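Geometric and topological summary
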2 protein chains.
Amino acid sequence: MTTKERILESAYNCFSRKGYFGTTTREIAHTAGVSEVTLFRLFKSKKELFREVLINFSIIPDIRAISVPEGSGELALLGIGRKIYLSLREKKEFLKILLSEVTGLTEEIEEVYSHFVRTLEELLSNVFSSALSLSPDESRMKVKIFGAAVFGFFISEEIFQGRELSQREIDEFISTLSRSISGGKP
Amino acid sequence: MTTKERILESAYNCFSRKGYFGTTTREIAHTAGVSEVTLFRLFKSKKELFREVLINFSIIPDIRAISVPEGSGELALLGIGRKIYLSLREKKEFLKILLSEVTGLTEEIEEVYSHFVRTLEELLSNVFSSALSLSPDESRMKVKIFGAAVFGFFISEEIFQGRELSQREIDEFISTLSRSISGGKP
DNA sequence: TTCTGATGTAAGTAATTACTTACTTACGAG
DNA sequence: CTCGTAAGTAAGTAATTACTTACATCAGAA
């Protein structure tokens, strides 16, 4: 692992624990086992370092990598909902960074986030139109509901309340959700 | 309005625009039209001031004030979902504080947030069990789905993407959600 | 009038912060 | 061996920050 990568990784950790303003460059350098001077030789400012963290640890590749599972509409939803939840969890720290700076660094974040939303809605649209055979309008709305529910559930449980849900709890939520959304359609 | 209230209000505004760490006590005092010395005479530290802001501008009273509307299950859900969404929007700035500081000031925030969740789930439970006549388990799960969906939708649209949805867009989302959740039950 | 309480001004302190400069060390390639 | 590159150390700068001290002002109650 190069020095730059080590710095990026500890910046990622520090930012996600303490937010952008709560983290000092000294702290990042120290936890990377590197001098502060080296940090500023490799990144021209703290803000640039933050931008590079956003780019390098984005959740978008994870979302994009989700494949549409086989099976009935309801089962497809269950499978995909599970994967979305687990992707979110894997990048939990990254999400915390996004959240922590949602008020202070809006330009950078809005870009990253709306990209995330578009990617997710694209993915879900495929499932809904193919697996559930809905009208485009209905489909569009249900995609939003499904995405918002999984996302809101994750943020509420794992980020706000600091829990780490078991697979059973996740499945219970997502399967009930899938059933409601698919409306009993096979 | 007392001096203390003026300070609390501008602290609320500053924190919600720039987060806790991004806001200086000087700035708060200045926008309150008060000297910094006065601020520290009335609040013993910045952190204590933050706590008082959390308490004074909490969203909980708004949620508690929501009454269960008359009508069928689906209509009751629509009415209550609308009100929740609008309460969230009214306190949008407060929510931004919570979000932006959830990583750095966890102790203070977890308390406020879990109280919020409990209040909301209590309120919804009443609607679900009375208006929809579900089993307790089903009811519990659907409460979670409904709450998470409205919450996730709000955060995604209004906070992350900075939009201000029209009543029509809100209604479209919430009525589709209510229909899915109530599963066609009258 | 006098006293009190709330507020202001001026000035400052000690700590922290992002970021820099100048110089040194270690090491692998040629 | 030499030389360039990546890294470190030491020190410091200019700005900012939370928070304090000492003293002045002023309006209203007694």
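Model, not experiment: these values are computed from the prediction. (Residues numbered from 1 in each chain as written. Chains lettered and ligands numbered in written order. Predicted model: local features only at pLDDT ≥ 70, side-chain atom pairs only at ≥ 80, totals over all residues. Heavy atoms only, no water.)

**A look at the pattern of salt bridges**
- In total, this model carries 30 salt bridges over all chains according to the counting rule given.
- For Arg-140 of chain A, the salt bridge goes to Glu-172 of chain B, with nearest N and O atoms at 3.7 Å. Here Arg-140 of chain A, found in helix α9 (residues 136-160), pairs with Glu-172 of chain B, found in helix α10 (residues 167-182), and the two come from separate chains.
- Several salt bridges converge on common partners, so that one network encompasses Arg-89, Lys-92, Glu-158 and Glu-164 of chain A. (Salt bridge = Lys/Arg side-chain N within 4 Å of Asp/Glu carboxyl O. Helix = DSSP H or I, 4+ residues; strand = E, 2+ residues; numbered from the N terminus.)

**Here we look at the environment of Val-68 of chain A**
Residue and element names in this part refer to chain A.
- In this structure, Val-68 sits in the loop between α5 (60-64) and α6 (73-90).
- Judged by relative accessible area, which is 37%, Val-68 ranks as partly exposed.
- Along the sequence, Val-68 and Cys-14 sit 54 residues apart, while their C-alpha atoms lie 35 Å from each other. (Buried < 20%, exposed > 50% of the residue type's maximum accessible area, 1.4 Å probe, protein only.)

**A short note on the protein's contact with DNA strand C**
- Close to DNA strand C lie 16 residues, the nearest being Thr-24 and Lys-46 of chain A together with Thr-3, Thr-38 and Arg-41 of chain B.
- Of all atoms in DNA strand C that approach within 4 Å of the protein, 53% are sugar or phosphate atoms.
- A distance of 3.4 Å is found between a phosphate oxygen of DNA strand C and a backbone nitrogen or oxygen belonging to Thr-23 of chain A.
- A distance of 2.8 Å separates a phosphate oxygen of DNA strand C from a polar atom in the backbone of Lys-46 of chain A.
- Its residues assigned to classes, the surface near DNA strand C comprises four nonpolar, eight polar and four charged. (Near = heavy atom within 4 Å. Polar contact = N/O pair within 3.5 Å; in protein donor to acceptor, adjacent residues only side chain to side chain. Nonpolar A, V, L, I, M, F, W, Y, C, P; charged D, E, K, R; others polar.)

**Some words on the protein's contact with DNA strand D**
- Residues in contact with DNA strand D amount to 16 residues; listed here are only the nearest, Thr-3, Thr-38 and Arg-41 of chain A together with Thr-24 and Lys-46 of chain B.
- Those atoms of DNA strand D that come within 4 Å of the protein belong to sugar or phosphate at a rate of 55%.
- The backbone of Ser-35 of chain A places a nitrogen or oxygen atom 3.2 Å from a phosphate oxygen of DNA strand D.
- Arg-41 of chain A places a side-chain nitrogen or oxygen 2.7 Å from a base nitrogen of DNA strand D.
- If you list the elements that add at least two residues to the surface near DNA strand D, you get α3 (36-42) of chain A together with α2 (25-31) and α3 (36-42) of chain B.
- Class assignment of the residues belonging to the surface near DNA strand D gives a composition of four nonpolar, eight polar and four charged.

**Focus: the packing of aromatic side chains**
Residue and element names in this part refer to chain A.
- Evaluated as defined, the whole model comprises 20 aromatic pairs over all chains.
- Between Tyr-20 and Phe-21, the aromatic rings sit 5.2 Å apart at their centres with planes inclined by 85 degrees, giving edge-to-face as the arrangement.
- With a relative accessible area of 9%, Tyr-20 lands in the buried category.
- According to the relative accessible area criterion, Phe-21 is partly exposed, its value standing at 38%.
- Ring centres of Phe-116 and Phe-151 lie 6.1 Å apart, and the angle between their planes is 50 degrees; on these two criteria the pair is classed as tilted. Of this pair, Phe-116 sits in helix α8 (residues 106-131) while Phe-151 sits in helix α9; the two residues are 35 residues apart in sequence, bridging distant segments of the chain. Each member of the pair, Phe-116 as well as Phe-151, is classed as buried.
- Aromatic ring contacts, followed pair by pair, group Phe-15, Tyr-20, Phe-21 and Phe-50 into a single cluster. (Phe/Tyr/Trp six-rings, centres within 6.5 Å; stacked < 30°, edge-to-face > 60°.)

**Digging into the domain arrangement of chain A**
All names here are of chain A.
- Taken domain by domain, chain A consists of domain 1 (3-56) and domain 2 (60-182).
- Taking only C-alpha atoms into account, the centre of domain 1 sits 29 Å from that of domain 2.
- With 11 residues of domain 1 at the contact, the number on the domain 2 side is 11 residues.
- Buried surface at the junction of domain 1 and domain 2, both sides included, amounts to about 1,100 Å², of which 70% is carbon and sulfur. (Domains from an automatic or database assignment. Contact = heavy atoms within 4.5 Å. Buried area = accessible area lost by both parts, 1.4 Å probe.)

**With respect to the interface of chain A and chain B**
- At the junction of the two partners, chain A supplies 39 residues and chain B supplies 38 residues.
- Across the chain A to chain B interface the summed buried area is about 3,400 Å²; carbon plus sulfur atoms make up 72%.
- Where chain A meets chain B, there are four salt bridges.
- The closest approach of N and O atoms between Lys-144 of chain B and Glu-157 of chain A, which form a salt bridge, is 3.5 Å.
- Remark: the boundary between chain A and chain B carries one residue pair in polar contact (both at pLDDT 80 or more).
- Contributions of two or more residues to the side of chain A that touches chain B are made by α1 (3-22), α7 (92-100), α8, α9 and α10 (167-182) of chain A.
- When residues in the side of chain A that touches chain B are grouped by element, the largest group, 15 residues, is from α9 of chain A.

**As for the relation of the copies chain A and chain B**
- Expressed as a screw operation, the relation of chain A to chain B combines 0.0 Å of axial shift with a rotation of 180 degrees, fitting to an RMSD of 0.2 Å. Taken together, these values place the two copies in the relation of a two-fold axis.
- In this assembly the copies share their binding face: 95% of the residues contributing to the interface of chain A also contribute to that of chain B. (Least-squares fit on C-alpha atoms with pLDDT ≥ 70 in both.)

**Details of the nonpolar core**
- Grouped together as the largest cluster of nonpolar side chains are 126 residues, with contacts concentrated most on Phe-116 and Phe-128 of chain A together with Phe-116 and Phe-128 of chain B.
- Among all residues touching Phe-128 of chain A, those that are not within four sequence positions of it are Leu-77, Ser-133, Leu-134, Ser-139, Lys-142, Val-143, Phe-146 and Ile-181 of chain A. (Core = buried A, V, L, I, M, F, W, Y, C linked by side-chain atoms within 4.5 Å.)

**Re the packing of helix α1 (residues 3-22) of chain B against helix α7 (residues 92-101) of chain B**
Residue and element names in this part refer to chain B.
- Remark: α1 packs on α7, axes separated minimally by 8 Å, with the N-to-C direction vectors making an angle of 15 degrees. Here α1 is positioned roughly parallel relative to α7, judged by the angle of their axes. As for how α1 packs across α7, the hand of that crossing is left-handed. Contact residues: α1 offers Tyr-12, Phe-15, Ser-16, Gly-19, Tyr-20 and Phe-21, while α7 offers Glu-93, Phe-94, Lys-96, Ile-97, Ser-100 and Glu-101.
- Of the residues belonging to the contact of α1 with α7, the class tally is six nonpolar, three polar and three charged. (Axes fitted to C-alpha atoms, helices over the stretch in contact; angles between N-to-C directions. Parallel < 35°, antiparallel > 145°, perpendicular 65-115°, else oblique. Left-handed = near helix turned anticlockwise from the far one by under 90°.)

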